[in-house]
2 protein chains.
Amino acid sequence: MSNWYLQSGKDSDVVISTRVRFGRNLEKYPFSLRCNKKQREDLVKDVEEILPSLGYGLRLFKLKDIDDITKMTLVEKHLISPEFALNENNEGSILINDDENICIMINEEDHFRIQVFSAGLEIENTCNLAIEIEEKIGEKLQYAFSEKYGYLTSCPTNAGTGMRVSVMVSLPGLSLTGNIGKVLQAVQGFGTNIRGVYGEGSNSQGNIYQISNKQTLGISEKEIAKNIKIVTEKIIEQERIARKLLTKNEIELEDRVYRNFGILSNCKKITWNELNDKLSEVKLGTDLGIIKELTDSKIMKLELYGKPANLQRYLGKTLDAYERDIERAELIKKIINE
Amino acid sequence: MSNWYLQSGKDSDVVISTRVRFGRNLEKYPFSLRCNKKQREDLVKDVEEILPSLGYGLRLFKLKDIDDITKMTLVEKHLISPEFALNENNEGSILINDDENICIMINEEDHFRIQVFSAGLEIENTCNLAIEIEEKIGEKLQYAFSEKYGYLTSCPTNAGTGMRVSVMVSLPGLSLTGNIGKVLQAVQGFGTNIRGVYGEGSNSQGNIYQISNKQTLGISEKEIAKNIKIVTEKIIEQERIARKLLTKNEIELEDRVYRNFGILSNCKKITWNELNDKLSEVKLGTDLGIIKELTDSKIMKLELYGKPANLQRYLGKTLDAYERDIERAELIKKIINE
């Protein structure tokens, strides 16, 4: 059984993944930034104590025990934040299960960043599981809570529910038809942010965008989830319209996606950036049934193992950037021909 | 047995073909431009009379009996000149054999343009055959000849020997190393012209250049042949040095040629211009043993049948430019996978 991020989910032609995270802090310690070493260690001990009753197959790892490349693979999978991975004191820990659909950062900006992930568009189930875990921890450990502000967080913009729902979408259709800017602007109204995951604004590398809620305070978990769902469905609809538009000029689209496929399957070196861009169109071609040589599963593998750290971990060797470009090209061929 | 232009010859990694042509006029008629219809027809009758004793499997065709696409296939193979093919009066004829290594234009700028072609670098044999044919015709029909100027030709720049030796070379190595301009300049001294076959100067499309003698007067056939041979061998040497230089950075070169190969083998539409450019590098990769998927023979087929008229003739249908681009892409795949 492969991990969630190597599987397709609902509306996977557009939606890559859904993430729900709760920021939580314990009453008995100051916020992370003001914690001393001892207090951080005590927090981890608290977690170790409740771990057996927590379930979900969660295991505790201290960042200092994880090698740098493995740490970066977690960042590349969006399981932990770059800031958390790169923290010099290395005092963070994670609770993670084998499937990696649950990953709780400990001693990050907040004491707990409870995160649950799903492939495709899966807001409700993801929320429910995240809430369940949040409650289970809350039964054993007292969260910092104020009647006025709700759950207290290190950064006030997270206070209240402490909840962030993020949906990653792939929008090559809107990008190729030139409608991406218009659509992004239209959905800004619903209390949501939408931004390029790699790079800024409407020129996101690989056409990958993240939709997430702006507000966490004065709004219920249900409302947050509902708003994100509405916006995401609107974007899915627009993206599919754009793709249909593109298929009207079928030969142009076929030519375009197959040229990208031709380069991916024949190049002898390729950067991650270039892979991202080409793969976005190749995925589009595969989703539209134009490219027959690939499958969803192969595309997800290309997306994952093409990333710098995941590539090195997959190959089991440390490589500099130039070597990575060469090995990446080789791995692409291997995955395509699997 | 395939035609000469689908075969490899000596030094075929650099030299595509060798052509020798003699311009000849008959004493009894004015130069072509001043000939009336009757005189042109009489000339063709003269040719018909001597044809049985001429041999070489030559057959006479009148341009007016050849359909436009077939005529353009001859132009694309460089067997007849575009001006000759496009002449509105359609009063030209050709003597041609099945192998198409001999093609004599009748009623072109001169009464006779005797042309012999070979694959690769084959100056001596090609010259000998051209001279043999020239003499055989001359035995039966009296050429216009002056003691002072030698053979008389419609354009004075052809007078004397009336001989033009042309060698077509493919110079991707010099082009990629940026040394093409320097080398072209260095060989201008030897009484030779070197110019891009498609487009001008040092930016020849497809990196194909033609080396030919400037002078026809005051120089013997042997000297012309010798000079062209010296210059061509110099260029072959320089091109091979350039290619060796390129292989020092092997991964860069591999990546480059294989990306071109990837596009050629996956595109869904492609212009002739783009095919020319990509094929030049793909040929380089094949010549250097980098690209294993192709053979010389396949490359020559791609070069030939990718040309607009030859494509249509090969497919047996008339196509507009857009349709050609699509069918060309399909044929490329077919030839590659043969």
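Residues numbered from 1 in each chain as written. Chains lettered and ligands numbered in written order. Predicted model: local features only at pLDDT ≥ 70, side-chain atom pairs only at ≥ 80, totals over all residues. Heavy atoms only, no water.

Concerning the domain arrangement of chain A
When the parts come together, some accessible area is lost, and that loss is often what is quoted as the size of the interface. Residues and elements named next belong to chain A. Under the domain assignment used here, chain A contains domain 1 (4–242) and domain 2 (250–336). Taking only C-alpha atoms, the centre of domain 1 and the centre of domain 2 are 27 Å apart. Domain 1 puts 20 residues into the contact, and the matching count from domain 2 is 23 residues. Summed over both sides, the interface of domain 1 with domain 2 buries roughly 1900 Å², with 58% coming from carbon and sulfur. At the junction of domain 1 with domain 2, the criterion picks out 12 residue pairs in polar contact (both at pLDDT 80 or more). (Domains from an automatic or database assignment. Contact = heavy atoms within 4.5 Å. Buried area = accessible area lost by both parts, 1.4 Å probe. Polar contact = N/O pair within 3.5 Å; in protein donor to acceptor, adjacent residues only side chain to side chain.)

What about the interface of chain A and chain B?
If you look at the interface, chain A gives 19 residues, while chain B gives 19 residues. Between chain A and chain B, roughly 1700 Å² of surface is buried when both sides are summed, and carbon and sulfur atoms account for 56% of that area. Among the residues chain A hides against chain B, the three largest losses belong to Arg259, Asn266 and Lys268 of chain A. Together they make up 36% of the total. Counting across the interface, chain A meets chain B through 4 salt bridges. A salt bridge links Glu274 of chain A to Arg259 of chain B; the nearest nitrogen and oxygen atoms lie 2.7 Å apart. The tally of links between chain A and chain B comes to 12 residue pairs in polar contact (both at pLDDT 80 or more). Contributions of two or more residues to the side of chain A that touches chain B are made by helix H8 (250–266) and helix H12 (321–337) of chain A. Split into classes, the residues belonging to the side of chain A that touches chain B amount to 8 nonpolar, 4 polar and 7 charged. (Salt bridge = Lys/Arg side-chain N within 4 Å of Asp/Glu carboxyl O. Helix = DSSP H or I, 4+ residues; strand = E, 2+ residues; numbered from the N terminus. Nonpolar A, V, L, I, M, F, W, Y, C, P; charged D, E, K, R; others polar.)

Considering the pattern of salt bridges
Scanning the model with the defined rule gives 56 salt bridges over all chains in all. A salt bridge links Arg243 of chain A to Glu239 of chain A, with the nearest nitrogen and oxygen atoms 2.6 Å apart. Taken together, the positions of Arg243 of chain A and Glu239 of chain A, both in helix H7 (residues 221–248) and 4 residues apart, correspond to about one turn of that helix. For Arg243 of chain A, a relative accessible area of 3% gives the class buried. For Glu239 of chain A, a relative accessible area of 0% gives the class buried. With a shortest N-O distance of 3.9 Å, Asp65 of chain B and Lys64 of chain B are connected by a salt bridge. Of the two residues, Asp65 of chain B and Lys64 of chain B, neither departs from the other in class, the shared state being exposed. A single network of salt bridges, built from pairs that share partners, joins Lys10, Asp11, Asp13 and Arg240 of chain A. (Buried < 20%, exposed > 50% of the residue type's maximum accessible area, 1.4 Å probe, protein only.)

Some points on the packing of aromatic side chains
Within the structure shown, the criterion is met by 12 aromatic pairs over all chains. Aromatic ring contacts, followed pair by pair, group Trp4, Tyr5 and Phe117 of chain A into a single cluster. The ring of Tyr151 of chain A has Arg24 of chain A sitting right over it, with the charged end atom 3.5 Å from the ring centre. For the cation-ring pair, Lys268 of chain B lies above Tyr258 of chain A, with the distance from its terminal atom to the ring centre recorded as 4.4 Å. (Phe/Tyr/Trp six-rings, centres within 6.5 Å; stacked < 30°, edge-to-face > 60°. Lys NZ or Arg CZ within 6 Å of the ring centre and 35° of its normal.)

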